[in-house]
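Topology and contacts: notes
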Amino acid sequence: MNEINKHIEWKKLGFKFFPTKYMFVATCSDGEWKTTGCVPFGNIEISPAAGVLNYGQGLFEGLKAYSGRDGHVYLFRPQKNADRIHNGCKRLCIPPLPQDLFMEAVTEVTKANKEFIPPYQEDSVAQGALYLRPVVWGTGPVLGVAPAPSYTFVTYACPVGPYFRSGFESIKLKITENYHRAASGGTGGVKAIGNYCIGMMPAKMAKSEGFQEILYLDAKDNKHIEEVGAANFFCIKGNKLYTPALDGCILPGVTRNSILHLAKNEFAMDVHEGSISVDDIFDCDEAFASGTAAVITPIGSISYQDKEIVMNNNEPGPISKKIYQKLLDIQHGIAEDKYNWRYVIE
Ligand SMILES: *Cc1c(COP(=O)(O)O)cnc(C)c1O
């Protein structure tokens, strides 16, 4: 065990920012990306006229490096994140970030910050990870509303503690009819930085009322379920698994895609991507949210107008647990990697 591992209490980290030693940098002007490589983590200098500061021209990604039981360090399907940021760039007029540059960044930054990767824990609920945060910004100065003349891509890393500090627990959600996360034709389907600030006020209000998060409805009919804060939504009825289809308002989560794949191929479930109305969730057996941070977060209850829908007695359901465990086992090198999802760093 190295020096840092002795001093950090991984379990107490939570999701607070904790700097590591190195970050990976690349820049782009005249449409051509050039790699700087890993440099010491630190502040960057930027013009107050930078496109990202004035018009929000930026995207982010989020993925984790896991310590496997077998001693390897793994990323989980990072090529999916590379494709997603590449596509997001097109929507925001950012010169598309080459997938191999993204792969180099996540690999190099994980290796350079190896000492910050939390060790493997037999108790999967106590497991931490090294969270990687790639971000691409329009950093060149621009006054008119137009794409910036130059861009910066940075990937930094931060160790994170276990998501569920007191076991795999269900959350309470509130459906809002007053705020929306995304609209048809907008940027809800890409990880645009500007998509996230707008959810802070509704989430804060929901928290003050005793809920953990907001469940968003579609902006057009105020009737169809979209996402849980910044996580994808799933519900289960019998052997059927439902999730909203990728219609441009739903972020194509890597966890979402993996769950659909496992449900169909490992658990022989009947998988449906389509629209889910508020009425549909009234008689479902289980529901959960998915995303890199928690993998799966079981949903215990959903409040809508003056009604409350309680699922599985407010406890994590058996199918949610089964899918969660399978995903964790693949991520930590325990289950067989049938679909080639693990990416070995070393
Ligand atoms: C990142 C994100 C997700 C989850 O995506 P993963 O790739 O599974 O981490 C879901 N919804 C929104 C809005 C997101 O930004």
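The protein chain is annotated in an unreviewed UniProt entry as Branched-chain-amino-acid aminotransferase of Uabimicrobium amorphum. Here is the UniProt Function (unreviewed entry) comment for the protein chain, exactly as written: "Acts on leucine, isoleucine and valine." The Sequence similarities (unreviewed entry) comment attached to the protein chain in UniProt states, word for word, "Belongs to the class-IV pyridoxal-phosphate-dependent aminotransferase family."

**Remarks on the packing of helix α3 (residues 78-91) against helix α4 (residues 99-112)**
Each packed pair of helices is defined by two parameters, the angle between the axes and the distance between the axes. Contact geometry of α3 with α4 gives a least axis separation of 9 Å together with a crossing angle of 130 degrees. Here α4 runs oblique to α3, going by the angle between their axes. In terms of crossing hand, the pair formed by α3 and α4 is right-handed. Contacts between α3 and α4 involve Pro-78, Gln-79, Asn-81, Ala-82, Asp-83, Ile-85 and His-86 from the first element and Gln-99, Phe-102 and Met-103 from the second. Here the residues of the contact of α3 with α4 sort into 5 nonpolar, 4 polar and 1 charged.

**Details of the domain arrangement of the protein chain**
How big an interface is tends to be stated in terms of the accessible area lost upon association of its parts. Under the domain assignment, the protein chain is made up of domain 1 (3-160) and domain 2 (171-331). Each of domain 1 and domain 2 has a C-alpha centre, and the two are 25 Å apart. Taken together, the contacts link 22 residues of domain 1 with 21 residues of domain 2. Counting the surface domain 1 buries against domain 2, the share from its top three residues, Phe-60, Phe-76 and Arg-84, is 34%. Between domain 1 and domain 2 we count 0 salt bridges in total. Taken together, the links from domain 1 to domain 2 amount to 9 residue pairs in polar contact (both at pLDDT 80 or more).

**Some words on empty space enclosed by the protein**
For the coordinates displayed, the defined rule picks out 3 cavities of 30 Å³ or more. By volume, the largest cavity amounts to about 150 Å³. Around the largest cavity sit 18 residues that line it, and Lys-64, Gln-127, Tyr-163, Ala-293 and Leu-328 are the ones nearest its centre. Listed by contribution, the elements that provide at least two residues to the lining of the largest cavity are β4 (63-67) and α9 (318-331). Taken together, the residues of the lining of the largest cavity sort by class into 12 nonpolar, 5 polar and 1 charged. Split by domain, the residues of the lining of the largest cavity number at least three in each of domain 1 (3-160) and domain 2 (171-331). Reported here for the second largest cavity is a volume of approximately 90 Å³.

**Observations regarding α3**
Given 3.6 residues to a turn, an α-helix orients residues that are three or four positions apart in the same direction. The end-to-end C-alpha separation of α3 is 20 Å, in line with the 20 Å expected for 14 residues at 1.5 Å each. Those residues of α3 that fall on the buried side of the exposure criterion are Pro-78, Asn-81, Ala-82, Arg-84, Ile-85, His-86, Gly-88 and Cys-89. Of the residues one or two after α3, Cys-93 is the one with positive phi, at around 55 degrees.

**Examining the side chain of Arg-256**
The residue Arg-256 is located in helix α7 (residues 254-265) in this model. Overall, the relative accessible area of 3% leaves Arg-256 in the buried class. Aside from chain neighbours lying at most four places away, what touches Arg-256 is Asn-232, Phe-234, Thr-243, Pro-244, Ala-245, Leu-246, Ile-250, Leu-251, Glu-273 and Ser-290.

**What to know about the UniProt feature "modified residue: N6-(pyridoxal phosphate)lysine" (unreviewed entry) in the protein chain**
Following the UniProt record, one finds the feature "modified residue: N6-(pyridoxal phosphate)lysine" (unreviewed entry) at Lys-191. Sequence-distant contacts of Lys-191, defined by excluding residues within four places in its chain, comprise Gly-58, Leu-59, Phe-60, Glu-61, Arg-84, Tyr-196 and Leu-251.

**So, the packing of aromatic side chains**
Scanning the model with the defined rule gives 12 aromatic pairs in all. On the numbers, 4.8 Å between centres and 70 degrees between planes, the contact of Phe-60 with Tyr-196 is edge-to-face. Of this pair, Phe-60 sits in strand β3 (residues 58-60) while Tyr-196 is found in helix α5 (residues 194-197), placing the two residues 136 residues apart along the sequence. Relative accessible area serves as the criterion here: at 11%, Phe-60 is assigned to the buried category.

About the criteria used
Residue indices follow the written sequence of each chain, beginning from 1 at its first position. This being a predicted model, a pLDDT of at least 70 is required before a residue's local features are given, and a value of 80 or more before pairs of side-chain atoms are given or counted; all residues contribute to the totals for chains, interfaces and linings. As a rule here, side-chain values cover all heavy atoms of the structure and leave hydrogens and water aside. UniProt positions are given in the numbering used here, feature names are shortened, and annotations may be inferred rather than shown by experiment. Every axis in this analysis is a line fitted to C-alpha atoms, fitted for helices over the stretch in contact. Angles between the N-to-C directions lie between 0 and 180 degrees. Labels follow the DSSP assignment, with helices taken as runs of H or I lasting at least four residues and strands as runs of E lasting at least two, numbered in each case from the N terminus. When describing relative orientation, an angle under 35 degrees is termed roughly parallel and one over 145 degrees roughly antiparallel, while 65 to 115 degrees is termed roughly perpendicular and anything else oblique. Crossing handedness is defined as follows: a turn of the near helix away from the far one that is anticlockwise and smaller than a right angle gives a left-handed crossing, while the clockwise case is right-handed. Pairs of residues are marked as contacts when any of their non-hydrogen atoms sit within 4.5 Å. In this classification, the charged set is Asp, Glu, Lys and Arg, the nonpolar set is Ala, Val, Leu, Ile, Met, Phe, Trp, Tyr, Cys and Pro, and all remaining amino acids, among them Gly, are polar. Note: domain ranges come from an automatic or database domain assignment. Note on terms: buried area is the combined drop in 1.4 Å-probe accessible area of two parts once they are placed together, counting the loss on both. One side-chain nitrogen of Lys or Arg within 4 Å of one carboxyl oxygen of Asp or Glu is enough to make a salt bridge. The term polar contact refers here to a pair of N or O atoms within 3.5 Å; inside protein, the definition further demands a hydrogen-donor-capable atom paired with an acceptor-capable atom, and it admits residues adjacent in sequence only when both atoms are side-chain atoms. Here a cavity denotes a set of grid points, spaced 1 Å apart and computed over the protein atoms alone, in which a 1.4 Å probe fits but from which it cannot get out, and a pocket denotes an open set meeting protein on both sides within 12 Å along at least five of seven lines; residues with an atom within 4 Å of a point are reported as lining. Grid points are joined across faces, edges and corners, and a volume is the space filled by probe spheres set on the points. The span expected for a helix works out to 1.5 Å for each residue beyond the first. For every residue, the accessible area (1.4 Å probe, protein chains only) is compared with the maximum for its type, and the residue is labelled buried under 20%, exposed over 50%, or partly exposed between those bounds. A pair of aromatic rings is counted whenever rings of Phe, Tyr or Trp (Trp by its six-membered ring) have centres within 6.5 Å, and the orientation is called stacked for planes under 30 degrees apart, edge-to-face for over 60 and tilted otherwise.

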